[in-house]
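Spelled out, the chains give:
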Amino acid sequence: MTGNIRKVGVIGAGQMGCGIAQVSATAGYAVILSDITLEAAQSGKAKIVESMSKAVESGKLAKVDADEAAARITPVGTLDELADCDLVIEAASENEAVKRDIFSRLCPVLKPEAMLASNTSSISITRLAAATDRPERFMGIHFMNPVPRMKLVELVRGIATEDVTYEASKAYAHSLGKTTTMSEDFPAFIVNRILLPMINEAIYTLYEGVGSVEAIDTAMKLGANHPMGPLELADFIGLDTCLAIMQVLHDGLSDSKYRPCPLLVKYVEAGWLGRKTKRGFYDYRGDVPVPTR
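The structure presented is a predicted model; accordingly, all values stated were derived computationally and were not measured.

> Where do I start with helix α4 (residues 96-106) in this structure?
Along an α-helix, residues three or four positions apart point the same way, because every turn accommodates 3.6 residues. All buried positions along α4 are accounted for by Lys99, Ile102, Phe103 and Leu106. Buried positions in α4, seen along its axis, are confined to an arc of 95° and lie on one side of it. Structurally, α4 contributes buried residues whose contacts are with β1 (7-11), β4 (87-90), β5 (115-118), α5 (125-130) and β6 (138-143). The N-cap residue of α4 is Asn95: its side-chain oxygen and the backbone nitrogen of Ala97 are 3.0 Å apart.

Spelled out as structure tokens, the structure:
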């Protein structure tokens, strides 16, 4: 644990929120995991327990540490129960209206000195901070997916973020065993500014018939030494998230090179969002993923 941060609130019990809750609890923080309903938050905690059990089985985590971390996580169904948190990290869907609504309901219940952060992967921190009552205590703390395995945390300051907020956020990330990098507050920051256009270009390569799903992913894994092909990675991230980030880049930078591929739009419209819906560029409903094109 670090400094004045002892209790961490996490809003959103999806893949990212659960990962943030897991690494925070493992590092010794008390964690309040919030979602729209108590049942959703409890389901999130169950996934965290399952994740830590696998880590115990593989020898990466001692059982006693996993049990103690699980005991530190309290699932809740209302924002009111985040009132005594020292730091609250919003990890809801990549939708600015959703995030603003959360902040409007959250800020009145937080103690005045509490820090607020967003795990957004692309949206302006300055703009999100302006929707709160504490822009000077607001940060972008962007974890990578999957949170327990990925070493990087991108820290993004808004125009009003104070030095003490930045330093506390950096100390918190380091206490989780993460390495931090500082990004200026531009659309999609560093990682996704570079990564998502590459994924989008891979989708254009598929759309234009240059190569099949299998050919494109094999080419990048063996030709560029990437651990995962770009289309496989898109499915892992979620095609809706990929599209949202490309739209932020396209809208924010007004450059045609960031135009989302029409095929990506079509998959999202079909509800084929990748692994989480069992279909994307691959079909995951069988024992082995099968390309859908």
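> Where do I start with the environment of Tyr284 in this structure?
Within the element layout of this structure, Tyr284 appears in the loop between β9 (282-283) and β10 (290-291). For the pair Tyr284 and Leu195, spaced 89 residues apart in the sequence, the C-alpha separation amounts to 23 Å. When neighbours within four sequence positions are excluded, Tyr284 is seen to be in contact with Asp235, Gly274, Arg275, Lys278, Arg279 and Pro289. Of note is the side chain of Tyr284, whose polar atom sits 2.7 Å from the side chain of Asp235.

> Can you help me understand the domain arrangement of the chain in this one?
Accessible area lost upon the coming together of the parts serves often as the stated size of an interface. Domain annotation of the chain identifies domain 1 (7-184) and domain 2 (192-291). Placing the centre of domain 1 and that of domain 2 at their C-alpha centroids yields a distance of 26 Å. At the junction of the two partners, domain 1 supplies 8 residues and domain 2 supplies 6 residues. Counting each side, the surface lost to burial between domain 1 and domain 2 is near 550 Å², with a carbon and sulfur contribution of 59%. For the domain 1 face of the interface with domain 2, the top three residues by lost area are Glu94, Ser121 and Ser122, together amounting to 56%. Put simply, domain 1 and domain 2 have 0 salt bridges between them. Where domain 1 packs against domain 2, one counts 1 residue pair in polar contact (both at pLDDT 80 or more). Of the residues assigned to the side of domain 1 that touches domain 2, the class counts are 2 nonpolar, 5 polar and 1 charged.

About the thresholds
Note that residues are indexed from 1 along each chain, following the sequence as it is written. At least 70 in pLDDT is required for a residue's local features to be given in this predicted model, at least 80 for side-chain atom pairs to be given and counted, and no such filter applies to totals for whole chains, interfaces and linings, which use all residues. Computation of side-chain values: all heavy atoms of the structure, hydrogens and water removed. Here the term buried applies to any residue with accessible area under 20% of the maximum for its type, exposed to any over 50%, and partly exposed to those in between, with areas from a 1.4 Å probe on protein chains only. The way it works is that DSSP assigns letters per residue, a run of H or I at least four long becomes a helix, a run of E at least two long becomes a strand, and they are numbered from the N terminus. Here the arc refers to the set of directions running from the helix axis out to each C-beta atom. Throughout, a residue-residue contact means that at least one pair of heavy atoms, one from each residue, lies within 4.5 Å. In protein, a polar contact requires one atom able to donate a hydrogen and another able to accept it; more generally it is a pair of N or O atoms within 3.5 Å, and residues adjacent in sequence count only if both atoms are side-chain atoms. All domain edges in this entry derive from an automatic or database-based domain assignment. Buried area is a sum: the accessible area each of two parts loses on coming together, probed at 1.4 Å, counted once for each and added. Think of a salt bridge as a Lys or Arg side-chain nitrogen and an Asp or Glu carboxyl oxygen that are within 4 Å of each other. Here the nonpolar group is Ala, Val, Leu, Ile, Met, Phe, Trp, Tyr, Cys and Pro; Asp, Glu, Lys and Arg are the charged ones; every other residue, Gly included, is treated as polar.

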